[in-house]
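Each chain, letter by letter, is given below.
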Amino acid sequence: KEFDTKRDVFNWAIINDVIVFLLKENGKEFNDNLVALDEKGNVLWSSKEQIDVPNRLGASFVGLYMDFNENCIVNAQAYVGITYAIEAHSGKVIRKTITK
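Residues numbered from 1 in each chain as written. Predicted model: local features only at pLDDT ≥ 70, side-chain atom pairs only at ≥ 80, totals over all residues. Heavy atoms only, no water.

## Focus on the packing of aromatic side chains
Consideration 1: Throughout the structure, instances matching the rule amount to one aromatic pair.
Consideration 2: A centroid spacing of 5.7 Å and a plane angle of 70° characterise the contact between Phe61 and Tyr84, whose relative ring orientation is edge-to-face. With Phe61 in strand β5 (residues 61-66) and Tyr84 in strand β7 (residues 82-87), the pair connects residues that are 23 residues apart, well separated along the chain.
Consideration 3: Tyr84 sits in the buried class, given a relative accessible area of 2%.
Consideration 4: Of note, Lys24 hangs over the ring of Phe10, and the distance from its end group to the ring centre comes to 3.7 Å. (Phe/Tyr/Trp six-rings, centres within 6.5 Å; stacked < 30°, edge-to-face > 60°. Helix = DSSP H or I, 4+ residues; strand = E, 2+ residues; numbered from the N terminus. Buried < 20%, exposed > 50% of the residue type's maximum accessible area, 1.4 Å probe, protein only. Lys NZ or Arg CZ within 6 Å of the ring centre and 35° of its normal.)

## Regarding the sheet that holds strand β1 (residues 9-15)
For sheets, the rule is that strands pair by backbone hydrogen bonds, running either parallel or antiparallel.
Consideration 1: If you walk across this open sheet you meet the four strands as β1-β2-β3-β4, and the pairing is antiparallel. If you trace the sheet from one side to the other, it starts and ends with β1 and β4 (43-46), each paired once. Between one strand axis and the next, the sheet turns by 20° as a mean value, whatever way the strands run.
Consideration 2: Direction of pairing for strand β3 (residues 34-38) relative to β4: antiparallel, over a ladder of three bridges. Each bridged residue has a counterpart across the sheet, and for Leu37 the counterpart in β4 is Val43. (Pairing = 2+ DSSP bridges. Axes fitted to C-alpha atoms, helices over the stretch in contact; angles between N-to-C directions.)

## Quick look at a nonpolar patch on the surface
Consideration 1: Judged by side-chain polarity, Leu57, Val62, Tyr79 and Val80 come together as a nonpolar surface patch covering roughly 320 Å² of accessible area.
Consideration 2: Considering the arrangement of structural elements, one finds Tyr79 in the loop between β6 (73-78) and β7. (Patch = residues over 30% accessible without salt bridge, like charges linked within 9 Å, V, L, I, M, F, W, Y side chains within 5 Å. Areas by Shrake-Rupley, 256 points an atom, 1.4 Å probe, with all protein chains shown as cover. Salt bridge = Lys/Arg side-chain N within 4 Å of Asp/Glu carboxyl O.)

## A word on the pattern of salt bridges
Consideration 1: Applying the stated criterion to the full structure yields two salt bridges.
Consideration 2: Of the charged contacts in the structure, one is a salt bridge between Lys24 and Glu29, with a shortest N-O distance of 3.4 Å.
Consideration 3: The class for Lys24 is buried, based on a relative accessible area of 16%.
Consideration 4: Classification of Glu29 by relative accessible area gives partly exposed; the value is 34%.
Consideration 5: Linking Arg56 and Asp32 is a salt bridge whose minimum nitrogen-to-oxygen distance equals 2.5 Å. Residue Arg56 is located in the loop between α1 (47-50) and β5, and its partner Asp32 is located in the loop between β2 (18-23) and β3; the two are separated by 24 residues in the primary sequence.

All quantities given are derived from atomic positions and should not be read as evidence of function.
Set out below in structure tokens:
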């Protein structure tokens, strides 16, 4: 799927040579709305590939921030009340924390 960085990006985190985008479509969250790109614009990973949930609503993200206490980790807050700590380069989920 294509997206416009001026219109569709709600938030982002830059870690070394990776930028992780939190996307919205027409101003609204949607399922699997995280994507990471390298410095050349190549897709490294997306939440659709990396987040294993029984219901894709669990992969609808509403917040994204860098973890300054851990190197190369971004935290993505899902609509369902779970925060995922994700390694920015690989997309590997390091841990899940219930936040509701």
